[in-house]
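# Structural description and commentary
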Amino acid sequence: MFFLSINTSFCLGIYGERCNRVNYSNRRICAFKGSSVDISSTYNSYERQIQSTSWFRSGRGSEDLREDSQYAGRVELIETVTGRSTLRIRDLTESDSAQYHFKFKTQRFEWGSSLPGTILTVTALQVKVSRIISVHESQTEAELKCESSCTPAGHLLFVWFKNNQFMVEQSSYQDLFSPGDVISCAFKGHEDYRSDPVYAPKLPSVSVSPSKEIVEGSPVTLTCSSDANPTKYTWYKEQSLISREQQLIFNPIQSADSGEYYCTAEKELGKWPIINYISINVNCESRQFSYNTTQKQGFIL
């Protein structure tokens, strides 16, 4: 985890020179998705006996986080030293990004103010395509970058993995990618907290229904299928976009519908649509349609 450390002390309930005081060790913390984080504060009171201590989160009232269903089984209050309280949150998710506050009660006073606490940002790394360099028959050369929701102190380098194998240690990653390659990144020194894996796309499939003889005037459906979920589909006839649905429906099909169609499936790894073609041609004499699929693969922007 990474810290922006500006020690800040707040004092409330002043009686002469006596006051109730809370000091946050770090005002900002950046932590990895899936990791654990410790948020600490020191405190004291002009009254000798403190009856209870707890932590709460901005925007969710002053509820003790140990009683909050969103944090069930994931939070722990650690107080091994008098006057110091640490909130530990495990298995962090992006929804845990928030401002956290410490509070305590004495017989005559309750610290539950709206004064600033510690801001936690949970970063989930993401792989993005920064540029397509060249396109080959079965591979695409591209440059990838790794993005996070907060910038760690020291601007650490990224490490890159392809098909679960370490590849390189640098800020960006350039390589040839084949369909199905799985890519992830992590901060150097924190390889256990990688980005969600993304993969270079595989060729989508095109199916025709009915799969037998196609007769003019009958309904025909073309379906584009892909291995990624979710996927954005687009259908083209020749070079013209005609549909953004997974299925292209002719009801009924006519001779004017003959031509070359192709679908694109836009996958997870940046914006790398891939294409598969199908040709539909009309036989004017028998007034029946024939079709064939051409397995063409490409990555296009």
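Summarised in this report is the structure supplied together with it. Keep in mind that this is a model prediction, so the values were computed, not measured.

This next bit is on the overall build of the chain. When helices and strands are counted, the chain shows zero helices and 27 strands. Counting all 301 residues of the chain, 43% fall into the buried class. Sequence-distant contacts in the chain: of pairs separated by 6 or more residues, those separated by 24 or more amount to 55%.

With the rule as written, the count across this model stands at one disulfide. With its sulfur 1.8 Å from that of its partner, Cys 146 forms a disulfide with Cys 185. Because the sign of the S-S torsion sets the handedness, a value of about 60 degrees for the bond joining Cys 146 and Cys 185 places this disulfide among the right-handed ones. Taken together, the residues Cys 146 in strand β13 (residues 140–147) and Cys 185 in strand β17 (residues 182–187) connect sequence positions 39 residues apart. Assessed through its relative accessible area of 9%, Cys 146 is described here as buried.

Right, let's talk about unusual backbone geometry for a bit. Following Asn 251, the chain continues into Pro 252 via a peptide bond in cis, with omega recorded as 5 degrees. Relative to the helices and strands, Pro 252 is located in the loop between β24 (247–250) and β25 (259–266).

Let us now look at the sheet that holds strand β15 (residues 165–169). What the four strands build is an open sheet, ordered β15-β14-β17-β18; its pairing is antiparallel. Two strands lie at the open edges of the sheet, namely β15 and β18 (198–199), each paired on one side alone. Looking at chain direction, β17 and β18 are connected through two bridges and run antiparallel. By the bridge assignment, Ile 183 is partnered in β18 with Val 198.

Turning our eyes to something else, we now look at the side chain of Thr 53. Looking at the element boundaries, Thr 53 is found in strand β6 (residues 50–57). Using a relative accessible area of 15% as the deciding quantity, one classes Thr 53 as buried. For Thr 53, the side chain forms a polar contact with the side chain of Glu 79, separated by 2.6 Å. Once you skip the residues sitting within four places of it in the chain, Thr 53 turns out to touch Tyr 43, Arg 66, Leu 77, Glu 79, Phe 102, Lys 103 and Phe 104.

Rules and cut-offs
- Residues numbered from 1 in each chain as written.
- Predicted model: local features only at pLDDT ≥ 70, side-chain atom pairs only at ≥ 80, totals over all residues.
- Heavy atoms only, no water.
- Helix = DSSP H or I, 4+ residues; strand = E, 2+ residues; numbered from the N terminus.
- Buried < 20%, exposed > 50% of the residue type's maximum accessible area, 1.4 Å probe, protein only.
- Contact = heavy atoms within 4.5 Å.
- Disulfide = S-S within 2.5 Å.
- Pairing = 2+ DSSP bridges.
- Polar contact = N/O pair within 3.5 Å; in protein donor to acceptor, adjacent residues only side chain to side chain.

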